[in-house]
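# Overview (structure and organization)
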Amino acid sequence: MRYADRPTVEAAVHVAAPPDRVWPLVRDIELVAETSDELQEAQWLPAPEGPADGTPPAVGHRFRGRNAHPQGGEWETVSEIVECDEERAFGWAVMDPANPSARWRFTLTPTEGGTELRQWAQLGPGPSNLTEVIERMPDKEERIVAHRLREFQQGIERTLAGIKERAES
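Model, not experiment: these values are computed from the prediction.

## A look at helix α3 (residues 129-136)
The set of residues buried in α3 consists of L130, T131 and I134. One side of α3 holds all its buried residues, which, seen down the axis, span an arc of 100°. For α3, the exposed residues set more than 90 degrees away from the buried face come down to E135 and R136. Against β7 (114-123) and α4 (141-168) lie the buried residues of α3. Its side-chain oxygen placed 3.1 Å from the backbone nitrogen of L130, S128 serves as the N-cap of α3.

So this is what it looks like as structure tokens:
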């Protein structure tokens, strides 16, 4: 598995709440930061790049994320909403939407007794802190990518659990 292949991970959880109750939690980037080990803080950029006070996020809105990782240190990113289909899908591209360092996406599917909530993430193809590490150790690329995907997977599972807990309470 190589970075250029745009590897992905995903997980799903059943939430005992309808999509209209799950949706506001999914698009709440501050909640996503609360449930993440790596994303420390997320804030919408001021309008017109971000949503105006009281308006929901939409495609094209951007937010700044402050991240921390034990091996990668601290850094900031700007992400842009690339998908916002009410009560169905919410996704963003990290840094350059045309060549993102990562993509993240939630999907909501109505089910009997609630919602199937799925989160998906893709590495690359754009440059990131990870590509710098791979450039220094190209012979270890597959192990580096596999390790990063495991971290993404753990983060996704934690975020889904946090959203589920809040939606069901």
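Text resumes after the structure shown.
## A closer look at the packing of α3 against α4
For the pair α3 and α4, the least separation of the axes is 9 Å and the interaxial angle reads 155°. Overall, the two elements α3 and α4 adopt an arrangement that is roughly antiparallel. Considering how the two elements wind past one another, α3 and α4 form a crossing that is right-handed. Across the interface between the two elements, L130, V133 and I134 of α3 pack against E141, I144, V145 and R148 of α4.

Scoring rules and cut-offs
Residues numbered from 1 in each chain as written. Predicted model: local features only at pLDDT ≥ 70, side-chain atom pairs only at ≥ 80, totals over all residues. Heavy atoms only, no water. Buried < 20%, exposed > 50% of the residue type's maximum accessible area, 1.4 Å probe, protein only. Helix = DSSP H or I, 4+ residues; strand = E, 2+ residues; numbered from the N terminus. Arc of directions from axis to C-beta. Contact = heavy atoms within 4.5 Å. Polar contact = N/O pair within 3.5 Å; in protein donor to acceptor, adjacent residues only side chain to side chain. Axes fitted to C-alpha atoms, helices over the stretch in contact; angles between N-to-C directions. Parallel < 35°, antiparallel > 145°, perpendicular 65-115°, else oblique. Left-handed = near helix turned anticlockwise from the far one by under 90°.

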